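Structural overview
So you can see what is in the structure, the chains are spelled out below.
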Amino acid sequence: MSSETGAAKNLDEVEKSSQLETYDEKLGLDSLDTSDGDAALQLVGAQATAHFSEEYNRRLRRKLDLVIPTISAAVYFSQYLDKTSLNYASIMGFPIVGQHYNLVSMAFYLGYLFWEFPTVYISQKLRLAKYLGGNIVVWGIILMLHASTDNFAAFFALRFLLGMCESCVAPCLILIISMFYKKDEQAKRISWFYIMNGLTQVFGGFVAYGISFYGGKALPPYKIIYILLGALAVVVGIVVLIWLPDSPVNASMLTKEERIAALERVRNDQGGTENNKFKKDQVIEALTDPRTWLVVLSTILTSIPNGALSNFNNIIIKSFGYTSKQTLILATPGGIIGSAMVLFCGWYSDKKGERMIPIVFALIPTIVGAAILIGLNGSKSKGVLLFATYIIGTFGSALSTIYAYNASNTSGHTKKVTINAMTMATFSIGNIIGTEIFQPKDAPAYIPGKTAIMVLLIVQLGVSFLLRWINVRLNKKRKAQLAEEKARRGWTDDDVQRERERHAFADLTDRQNIFFIYTC
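First, a word on what this report is: a plain description of the structure on this page. Note that the structure is a prediction, hence the values are computed from the model and not measured.

**Some words on the overall build of the protein**
- Across its full length, the protein holds 22 helices and 0 strands.
- Whereas a compact globule of 520 residues would reach a radius of gyration of roughly 24 Å, the protein reaches 25 Å, a difference of no more than 12%.
- Based on the C-alpha atoms only, the size of the protein along its principal axes is roughly 100 × 50 × 45 Å.
- In the protein, which comprises 520 residues, the proportion classed as buried is 58%.

Okay, structure coming up:
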């Protein structure tokens, strides 16, 4: 009897031990394989051995700020000018009109969608900034080639190729920001380059306005736009190739000590750095994480209005009774207002540790603006209608906050690139749909399209609050799990910190790593 009792007791202990091992593996506690970890481990190891003062870290951050956000802003400036060059060309003698214009506009996003997943997985295997720079140079050449043709098929093909080349921009920049900056610094830095979406509206409007006075016969004005913007992209691409760092591990702009400090600065955030190994399990986790699909939904709800307004905003303003030249100038204040909202949302997001509330701030003026355009359609209140077109663009900062959400709430390099690819693929799908909600038959008021924008963004308000609630709930569960493990193992606070450091660069996903904290 005693032997049977002893055997049963041993069996219970084995089962309990097995359950604990499974639990430990799920939390990433006892199953770390550092040989499979981030490249950062080669430089700093699994435990922090070097410590740097706050003043040293502030100096290092200032040094990074002079280069990374600055060059990223130049990239975004060039990309958004190139992407929206069709908007300027549309009122400067562009030969494609009607439904063919919609299809040419759509072609960019078809190329973007087609190449999004291949480009992010290729970039994972290569030096990130070098891959980005090469793509920029190629798209600059493609943009200049727009001036060599005037037929629909050629424009469609060139816009498709342009979309392919530009599809790597946001994923690459988000990854670089997430590798060099802490979670409470990321949204602000992303806003510093995303602000270019609004500023290019100002810059591009004035440049197009100047070119519109060109009276020569050698080239139509729209072809001059393509040549100038393409040449600018080539210059920006060369700057990226030479000066933008790929990661803290191999940043030539930093000394070895500074590279170590850059990695130690972000260690406790548990976000990891670069890892060239493709991990199928991380792809599966990305696809089975409900938050991924809510981010996808949020992105498409934002991108449909973007696809519509980025190509039709000038046409809407011109419909109020302004000339083409007047339209180019009158459209510029919207870019300033949109830029101000981007900066505010980035600042608020980092200051308060929030990601979803700033999206709400960005959406409300757009909903109001769309309502004004619908309600006052056909009226003679030009000033009020213009004001509505200015505030309708504030929704754009929602996408920059989604970028920051991804950067701060995802760990595991393959999972990161997968979610970034899904976000940007959805961005392209939304923009494809967006080019079609303003139909020629609805011109010049485009009431169905404006109504669609208002409804979509109201739905996104609800999605934003749901995502925030999920992250708050996950953090509460994570805190309880860590307290339970601390008690079960008899850990001190120093033990917890040591384990946190050991997990930082192990390329664990946010689900696998018990020390990962979500930003709401």
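**Some thoughts on the packing of helix α16 (residues 332–352) against helix α19 (residues 397–409)**
- Where α16 meets α19, the closest approach of the two axes is 9 Å, and the angle between their N-to-C directions is 30°. Comparing the axis directions of α16 and α19 gives the class roughly parallel. Viewed along their axes, α16 and α19 form a crossing whose handedness is right-handed. For the pair α16 and α19, contact is made by M341, V342, C345 and S349 and by S397, S400 and T401, respectively.
- Of the residues contributing to the contact of α16 with α19, the split by class is 3 nonpolar, 4 polar and no charged.

**Re α16**
- Across its 21 residues, α16 extends 31 Å between first and last C-alpha, which sits within 8% of the 30 Å expected from 1.5 Å per residue.
- Looking only at α16, the buried set comprises T332, G334, G335, G338, S339, M341, V342, C345, G346, Y348, S349 and D350.
- Positive backbone phi, approximately 65°, marks G353, located one or two places after α16.

**What to know about the nonpolar core**
- Counting residues in hydrophobic clusters, the biggest one holds 121 residues, and the most contacted among them are Y76, F94, L132, F180, Y226, Y403 and F438.
- Not counting residues within four places of it along the chain, the set of residues in contact with Y403 comprises Y76, A170, I174, I190, Y194 and M424.
- With 9 residues, the next largest nonpolar core counts V44, V249, I260 and F505 among its residues.

**Regarding unusual backbone geometry**
- At the junction of A443 and P444, the peptide bond is cis and its omega measures out at 0° in the coordinates.
- Along the chain, the position of P444 falls in the loop between α20 (413–437) and α21 (447–489).
- Non-glycine residue Y446 carries a positive phi angle of around 55°.
- Inspection of the secondary structure puts Y446 in the loop between α20 and α21.
- In this structure Y446 comes out as buried when scored by relative accessible area, which is 7%.

**What about the packing of aromatic side chains?**
- Overall, the coordinates contain 25 aromatic pairs when judged by the stated rule.
- Consider the rings of Y109 and F427, whose centres lie 6.1 Å apart with planes at 75°: the pair is edge-to-face. Of this pair, Y109 sits in helix α5 (residues 98–125) while F427 sits in helix α20, placing them 318 residues apart in sequence.
- A residue is classified by how much of its surface remains accessible, and Y109, at 1% relative accessible area, is buried.

**Here we look at the environment of S53**
- Checked against the element boundaries, S53 lands in the loop between α2 (41–44) and α3 (54–83).
- Given a relative accessible area of 42%, S53 falls into the partly exposed group.
- Through-space distance from the C-alpha of S53 to that of N314 is 51 Å; in sequence the pair is 261 residues apart.

**Some points on the environment of C345**
- With respect to the secondary-structure elements, C345 resides in helix α16.
- The spatial distance from the C-alpha of C345 to the C-alpha of I329 is 26 Å, given a sequence separation of 16 residues.
- Excluding residues within four positions of it along the chain, C345 makes contact with P358, A362, S397 and T401.

**Comments concerning the pattern of salt bridges**
- In this structure the tally under the stated criterion is 24 salt bridges.
- One salt bridge in this structure joins K415 and D510, with 3.0 Å as the shortest N-O distance. Within this pair, whereas K415 is found in helix α20, its partner D510 is found in the segment after α22 (493–503), the two being separated by 95 residues in sequence.
- By relative accessible area, which is 0% here, K415 ends up buried.
- Across the pair E485 and R489 runs a salt bridge, and its minimum N-O distance is 2.9 Å. Residue E485 and its partner R489 are both found in helix α21; the two are separated by 4 residues, about one turn of the helix.
- For R489, a relative accessible area of 26% puts it in the partly exposed group.
- Three or more residues joined by partner-sharing salt bridges are found here, namely E285, D289, R291, K415 and D510.

**Description of the environment of A251**
- Mapped onto the elements, A251 comes out in the loop between α11 (221–243) and α12 (256–267).
- For the pair A251 and A262, spaced 11 residues apart in sequence, the C-alpha separation works out to 9.9 Å.
- Contact partners of A251, with chain neighbours within four places excluded, come to F180, P245 and R259.

**Details of the packing of α3 against helix α10 (residues 196–211)**
- Look at α3 against α10: their axes get within 9 Å of each other, and the N-to-C directions meet at 55°. Judged by the angle between their axes, α3 and α10 are oblique. As α3 runs across α10, the sense of the crossing is right-handed. Facing α3, whose interface residues are A73, Y76, F77, Y80 and L81, α10 presents M196, N197, T200, F203 and G204.
- Of the residues assigned to the contact of α3 with α10, the class counts are 7 nonpolar, 3 polar and no charged.

Procedures and definitions
Residues numbered from 1 in each chain as written. Predicted model: local features only at pLDDT ≥ 70, side-chain atom pairs only at ≥ 80, totals over all residues. Heavy atoms only, no water. Helix = DSSP H or I, 4+ residues; strand = E, 2+ residues; numbered from the N terminus. Rg over C-alpha atoms; globule rule 2.2 N^0.38 Å. Buried < 20%, exposed > 50% of the residue type's maximum accessible area, 1.4 Å probe, protein only. Axes fitted to C-alpha atoms, helices over the stretch in contact; angles between N-to-C directions. Parallel < 35°, antiparallel > 145°, perpendicular 65-115°, else oblique. Left-handed = near helix turned anticlockwise from the far one by under 90°. Contact = heavy atoms within 4.5 Å. Nonpolar A, V, L, I, M, F, W, Y, C, P; charged D, E, K, R; others polar. Expected span 1.5 Å × (residues − 1). Core = buried A, V, L, I, M, F, W, Y, C linked by side-chain atoms within 4.5 Å. Phe/Tyr/Trp six-rings, centres within 6.5 Å; stacked < 30°, edge-to-face > 60°. Salt bridge = Lys/Arg side-chain N within 4 Å of Asp/Glu carboxyl O.

All we've got here are geometric facts, nothing functional implied.
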